[in-house]
Amino acid sequence: MKSWPAPFVPAVPGHGEPLRLFDTRTRSVRPIDAGPVARLYVCGITPYDATHLGHAATYVTFDIVGRVLRDAGHQVEYVQNVTDIDDPLLERAARDSRDWRDLATSQIDLFRDDMTALAVLPPDELVGVVESMAEITEAVRALVEAGTAYRLPVPREEGAGEDVYLDLAQTPSFGEVSGWSRDRMTAVFADNGGDPERVGKRDPLDPLLWRGTREGEPSWDDDLLGAGRPGWHIECTAISLHHLGQPFDIKGGGRDLVFPHHEMSAVQAAALTGDDVFARRYVHQAMVGYEGEKMSKSKGNLVLVSRLLADGVEPMAIRLLLLAQHYRQDWDYTPDLLEAAEARLRCWREALSVNHGEPAVATLAAVRAALSDDLDTRRALAAVDGWAERTLTAQWDDASAPGLVARMVDAVLGVRL
Ligand code: ZN
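Keep in mind that what you see is a predicted model, and the values were worked out from it rather than measured.

### Section: the pattern of salt bridges
Close approach of charged atoms lets side chains of opposite charge pair. Under the criterion given, the structure shown has 30 salt bridges. Its salt-bridge partner being aspartate 87, residue arginine 229 comes within 2.7 Å of it at the nearest N-O pair. Remark: aspartate 87 occurs in helix 2 (residues 87–95) and arginine 229 occurs in strand 9 (residues 228–230); sequence separation between them is 142 residues. With a relative accessible area of 2%, arginine 229 lands in the buried category. Since its relative accessible area comes to 31%, aspartate 87 is described here as partly exposed. Taking the shortest distance from any N to any O, the salt bridge between arginine 112 and aspartate 109 comes out at 2.7 Å.

### Looking at the nonpolar core
The nonpolar side chains of soluble globular proteins are, as a tendency, buried together. Core analysis: the largest hydrophobic core is formed by 109 residues, its most contacted members being Leu53 and Leu413. Here the element with the most residues in this core is helix 1 (residues 53–71); it accounts for 10 residues. Structurally, this core is a two-domain feature, drawing no fewer than three residues from each of domain 1 (20–285) and domain 2 (335–413). Listed in part, the 15 residues of the second largest apolar core include Val127, Val177, Ala269 and Ala279.

### A few points about the domain arrangement of the protein chain
Partitioning the protein chain into structural domains gives domain 1 (20–285) and domain 2 (335–413). Placing the centre of domain 1 and that of domain 2 at their C-alpha centroids yields a distance of 38 Å. Summed over both sides, the interface of domain 1 with domain 2 buries roughly 880 Å², with 56% coming from carbon and sulfur. Per-residue buried area on domain 1 facing domain 2 is highest for Ile64, Arg67 and Asp71; these three make up 50% of the total on that side. Counting across the interface, domain 1 meets domain 2 through 2 salt bridges. As a salt-bridge pair, aspartate 71 and arginine 368 come within 2.7 Å of each other at their nearest N and O atoms. Between domain 1 and domain 2 we count 6 residue pairs in polar contact (both at pLDDT 80 or more) in total. For the side of domain 1 that touches domain 2, the secondary structure elements donating two or more residues are strand 1 (20–23) and helix 1. Counting residues per element, the side of domain 1 that touches domain 2 draws most heavily on helix 1, which supplies 6 residues. Its residues assigned to classes, the side of domain 1 that touches domain 2 shows 6 nonpolar, 1 polar and 3 charged.

Definitions and limits used
- Residues numbered from 1 in each chain as written.
- Predicted model: local features only at pLDDT ≥ 70, side-chain atom pairs only at ≥ 80, totals over all residues.
- Heavy atoms only, no water.
- Salt bridge = Lys/Arg side-chain N within 4 Å of Asp/Glu carboxyl O.
- Helix = DSSP H or I, 4+ residues; strand = E, 2+ residues; numbered from the N terminus.
- Buried < 20%, exposed > 50% of the residue type's maximum accessible area, 1.4 Å probe, protein only.
- Core = buried A, V, L, I, M, F, W, Y, C linked by side-chain atoms within 4.5 Å.
- Domains from an automatic or database assignment.
- Buried area = accessible area lost by both parts, 1.4 Å probe.
- Polar contact = N/O pair within 3.5 Å; in protein donor to acceptor, adjacent residues only side chain to side chain.
- Nonpolar A, V, L, I, M, F, W, Y, C, P; charged D, E, K, R; others polar.

Structure follows, in structure tokens:
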């Protein structure tokens, strides 16, 4: 499907440092060590509700990852999926008496608008599940034919086809991405799209690959699998393998995707390819809360990007609000944080509008060093704050400094002033 317009990225002299990020699988900060082309896959939205600040934090974080990789001299190949068919979308459409396709289309459009406003660089490929049905069914068929997946008849009162599950007992790498104990996995599985109670499964945690058609649900025909639709995790396995190949450099998403989504995507890929290394690094954005709870659609405590924009908040203030938090630390949104971001935006604009500023080479180096060090955006912002304050409080004669800082802030932080 179409992505959104790419903002212009100005050139900045020199190169940034090699990027290091916290890798969930090894639980340590690791160099990304990509080749000339860094390949990035980030799990996208399920389009049943608008972009809230938790989503925006994720996509801005991986936007900075892409910008820092580019600044360090890599090309970036970036793929993001859109889960445009899944249970939550169908449930919301039914609740609101809407066609699920219309709901998805409207929410994807809103997401594109929000990303454009926030100056997020678009993925090279924004890939929907519906348009990837051939790749997904091919992956499920291959698992069935290899004997690593098994079929279960759909309960008679629900339909006449078959569901297909992966047999985790045949995937020895299961658990390597999250590092979680089985108890911990079991505790969250049902709340994260899993169906541990399904009668007949060999292991309660076995992930659903193909859901046989049910009365009133959309389905796609397949000669081997019968009519149905894909499970959640196999979409990202199939889309990653098709568009990026394996291994790719970074798999990203919100921290709530570590298990089961990223774990299952990886074991499914291992079962398909015989190679355990699906992504070389797994990088996760912390959770954003509001009024003491994780921001989530199910709780309804959402701060929507579109709502803030409609209230007259500048998109770049929202971006600075997000960058003022470290991507690995949970935080709670408060209006005070937004006011602080607006004040910072005013200060930067004032400093960048003067004719002469403090020479900017050291500031450029400080920002690059901070971002390459596990994306320390707070330290990067503080370096720009320091330059702005010194520029505004002393006499300088460097006429090129304000322009250089403006281009750097735009190129690596995505803040357009
Ligand atoms: Zn995914």
